[in-house]
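Fold and geometry: a report
Here's the letter readout for the chains.
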Amino acid sequence: MITKDIDTVAPAAPAPVADEPPRRPRKGRRAWDEAPRWQIYLPLGIYLLFTLVPFYWILLFALREPGSSSLVPWPITFEHFDKVWNERSFGTYFENSVYVGLATLVMTTIVALAGGYALARFDFKAKRVFMLALLCSQFVPGALLLVPLFQIFANLQLINSLVSVIIAETVFQLPLSMILISGFIRNVPYSLEEAAWVDGCNRFTGFRVVVLPLLRPGLIAVGSFAFVHSWNHFLFALMFLSNQEKQTIPVGLNSLMSADSVDLGALAAGGIIAAVPVVIVFAFIQKWLITGFSAGAVKG
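Reference entry: report on the structure contained in this document.

Rules of the game
Residues numbered from 1 in each chain as written. Predicted model: local features only at pLDDT ≥ 70, side-chain atom pairs only at ≥ 80, totals over all residues. Heavy atoms only, no water. Helix = DSSP H or I, 4+ residues; strand = E, 2+ residues; numbered from the N terminus. Buried < 20%, exposed > 50% of the residue type's maximum accessible area, 1.4 Å probe, protein only. Contact = heavy atoms within 4.5 Å. Areas by Shrake-Rupley, 256 points an atom, 1.4 Å probe, with all protein chains shown as cover. Axes fitted to C-alpha atoms, helices over the stretch in contact; angles between N-to-C directions. Left-handed = near helix turned anticlockwise from the far one by under 90°. Nonpolar A, V, L, I, M, F, W, Y, C, P; charged D, E, K, R; others polar. Arc of directions from axis to C-beta. Patch = residues over 30% accessible without salt bridge, like charges linked within 9 Å, V, L, I, M, F, W, Y side chains within 5 Å. Salt bridge = Lys/Arg side-chain N within 4 Å of Asp/Glu carboxyl O. Lys, Arg positive; Asp, Glu negative; His and termini not counted. Charge placed at Lys NZ, Arg CZ, Asp CG, Glu CD. Polar contact = N/O pair within 3.5 Å; in protein donor to acceptor, adjacent residues only side chain to side chain. Phe/Tyr/Trp six-rings, centres within 6.5 Å; stacked < 30°, edge-to-face > 60°.

What about the overall build of the chain?
In terms of helices and strands, the chain carries 12 helices and 0 strands. Reading the helices (α) and strands (β) of the chain from amino to carboxyl end gives α-α-α-α-α-α-α-α-α-α-α-α. Buried residues in the chain amount to 35% of all 300 residues. Across the chain, contacts joining residues at least 24 apart in sequence account for 73% of those joining residues at least 6 apart. Carbon and sulfur atoms make up 66% of the accessible area of the chain, which amounts to about 19900 Å² in all.

Side note on the packing of helix α3 (residues 90-121) against helix α9 (residues 216-232)
One can describe the packing of α3 onto α9 by two numbers: an axis separation of 8 Å at closest approach and a directional angle of 140°. The chirality of how α3 crosses α9 is right-handed. Residues Phe94, Ser97, Val98, Val100, Gly101, Leu102, Thr104, Leu105, Thr108, Thr109 and Leu113 of α3 lie in contact with α9, whose contacting residues are Leu219, Gly223, Ala226, Phe227, Ser230 and Trp231. Of the residues contributing to the contact of α3 with α9, the split by class is 10 nonpolar, 7 polar and no charged.

Focus: helix α2 (residues 79-87)
The periodicity of an α-helix, 3.6 residues per turn, causes residues three or four positions apart to be oriented the same way. Residues of α2 that are buried: His80, Phe81 and Val84. Buried residues of α2 fall within an arc of 100° about the axis and therefore sit on the same side. Taken from the residues just after α2, Ser89 is the one with a positive phi, measuring 60°.

Section: the packing of helix α8 (residues 203-214) against α9
Direction vectors running N to C along α8 and α9 enclose 65°, while the axes themselves pass 5 Å from each other. Residues Leu212, Pro213 and Leu214 of α8 form the contact with α9, whose own contacting residues are Arg216, Pro217 and Leu219.

Overview of a negative patch on the surface
A cluster of acidic residues, Glu65, Glu79, Asp82 and Glu87, forms a negative patch at the surface. Its location among the elements puts Glu65 in the loop between α1 (37-63) and α2. You can call Glu65 partly exposed: its relative accessible area is 41%.

Details of the side chain of His233
Tracing the sequence through the fold places His233 in the loop between α9 and α10 (235-240). Exposure remark for His233: the relative accessible area of 15% places this residue in the buried category. A distance of 2.8 Å separates polar atoms of two side chains, one belonging to His233 and the other to Glu169. Leaving out residues up to four positions away in the same chain, His233 has contacts with Glu169 and Pro250.

Remarks on the packing of aromatic side chains
All chains considered together, the criterion is met by 13 aromatic pairs. With centroids separated by 6.0 Å and ring planes inclined at 75°, the aromatic side chains of Tyr117 and Phe122 adopt a geometry described as edge-to-face. With a relative accessible area of 9%, Tyr117 lands in the buried category. Look at Phe122 and you get partly exposed, because its relative accessible area is 35%. Both rings, one in Tyr117 and one in Phe207, keep their centres 4.9 Å apart while their planes meet at 70°; by these two values the pair is edge-to-face. Here Tyr117 is found in helix α3, whereas its partner Phe207 is found in helix α8, with 90 residues between them in sequence. The residues Tyr117 and Phe207 share a single accessibility class, namely buried. Of the aromatic side chains, those joined through ring pairs into one cluster are Phe150, Phe153, Phe172, Phe236 and Phe240.

Have a look at this one:
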């Protein structure tokens, strides 16, 4: 028997291809879906212009000398700040506003925390009706509350007292704050509280130890919102406080304007005094504020 060995011929390896030199990117080349830079920077520049020009205008009137028409505040003077702080009693207005803002912050946070926990963790027959009432209360302007609140405070002898403004601001802030807090608490798993109960904690202790530390962004968001609103609110302080020593900063700013003339330098200095505390507060809590409002918007 004759056999033939068939040699298996291996396929020839392809010839090595010389590496092509990398192509240099052309200047100004961009992806097809990338917008030109001028379409981004032009709207941002216009927005920045409209945002910063009013601030510069306020600084200009507050820092330049009285009677000057220069567009540059030089030489810088603090005469207007000294005038509004000492002669126009803005130091007293500032203390009253701080007192009202902090007291409103504390009272709103405590009451909203208790009410928000009840809405988030308990079921009762009128729960939906109560939530609807809270939402509808946001459509009621503060001016409609002036007559009944004034009558109540007059019967309680709280007119011309900062307590009346604090109570009014707290009542005005509670509906929205309670809704936000209930959303924050719903985001906390109920099993964490149950585990605390198994370990021997009662409901209050379990809430304080387990849930409350997780609500810090939400509490900061609600508290800062209440503080800023009470700091800037004008109507309640104007109606319930008649003594100049009990006035707040918004009412003090209004007193700088008269029917005959307006002291622009003093008004600008007072506006800066009113704005600086709010800017400082938001500069420190902006991280917690954004986190808190985004967390409360997940569930509601």
